[in-house]
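# Topology and contacts: notes
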Amino acid sequence: MTAKVSTAVTAALLAVTAVTAAFAVLDLQGPARVIVTLLFLFLVPGWSVIAFFRPSTSSLTWALVIAVSVAIDLLGAQLMLLTTWRPALASVFALVVCAVLLGFHLVTARRTVGGHA
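Computed from a predicted model, the values in this text were never measured in an experiment.

## Quick word on the packing of aromatic side chains
Applying the stated criterion across every chain yields a total of two aromatic pairs. With a centroid separation of 5.3 Å and 25° between ring planes, the pair formed by tryptophan 47 and tryptophan 62 is classed as stacked. Residue tryptophan 47 is located in helix α2 (residues 31-50), and its partner tryptophan 62 is located in helix α3 (residues 58-82); the two are separated by 15 residues in the primary sequence. What makes tryptophan 47 buried here is its relative accessible area of 2%. On the accessibility criterion, tryptophan 62 (29% relative accessible area) is partly exposed.

Put into structure tokens, the structure is as follows:
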């Protein structure tokens with residue numbers, strides 16, 4: 001996967017993160033919220049982690065992204081089951097952590113592309 005494609009995917013997933021947060025804050029309901037939330041849950045946590053490793057092929061990248069996303073989601077659910085069930089708090093935590101990691105990826109990608117790294 002090229003650096004331009006990786007940066008574009010990171011920016012798109014950061015937008016998905018922002019839209020997911022907006023839906024949650026505004027308490028909007030409907031099929032759009034379901035689709036955006038599922039996109040967030042299945043792609044964003046994994047991309048936030050896997051982008052650090054830069055796998056060699058696109059198919060490997062996307063397989064790892066989905067697998068790591070599901071694993072992170074399951075770990076979060078298991079933690080809530082073992083402690084207290086607070087999905088709103090878990091969502092805020094996931095949104096903030098993923099937004100910070102995606103922002104970090106964008107900043108480092110721009111430095112690398114700009115020749116400052």
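## So, the pattern of salt bridges
Inspection of every chain in the model, using the stated rule, returns one salt bridge. Taking the shortest distance from any N to any O, the salt bridge between aspartate 27 and arginine 33 comes out at 3.7 Å. On the accessibility criterion, aspartate 27 (53% relative accessible area) is exposed. By relative accessible area, arginine 33 is classed as partly exposed at 23%.

## Focus on the packing of helix α1 (residues 3-26) against α2
It is the contact of α1 with α2, at a shortest axis distance of 9 Å, that shows an interaxial angle of 135°. Compared by their axis directions, α1 and α2 come out oblique. In this structure, the crossing between α1 and α2 has a hand that is left-handed. Seen from α1, the contacting residues are Ser6, Val9, Thr10, Leu13, Val16, Thr17, Val19, Thr20, Phe23 and Ala24; seen from α2, they are Ala32, Arg33, Val36, Thr37, Leu39, Phe40, Leu43, Val44 and Trp47. Tallied by class, residues from the contact of α1 with α2 come to 13 nonpolar, five polar and one charged.

Cut-offs used in this document
- Residues numbered from 1 in each chain as written.
- Predicted model: local features only at pLDDT ≥ 70, side-chain atom pairs only at ≥ 80, totals over all residues.
- Heavy atoms only, no water.
- Phe/Tyr/Trp six-rings, centres within 6.5 Å; stacked < 30°, edge-to-face > 60°.
- Helix = DSSP H or I, 4+ residues; strand = E, 2+ residues; numbered from the N terminus.
- Buried < 20%, exposed > 50% of the residue type's maximum accessible area, 1.4 Å probe, protein only.
- Salt bridge = Lys/Arg side-chain N within 4 Å of Asp/Glu carboxyl O.
- Axes fitted to C-alpha atoms, helices over the stretch in contact; angles between N-to-C directions.
- Parallel < 35°, antiparallel > 145°, perpendicular 65-115°, else oblique.
- Left-handed = near helix turned anticlockwise from the far one by under 90°.
- Contact = heavy atoms within 4.5 Å.
- Nonpolar A, V, L, I, M, F, W, Y, C, P; charged D, E, K, R; others polar.

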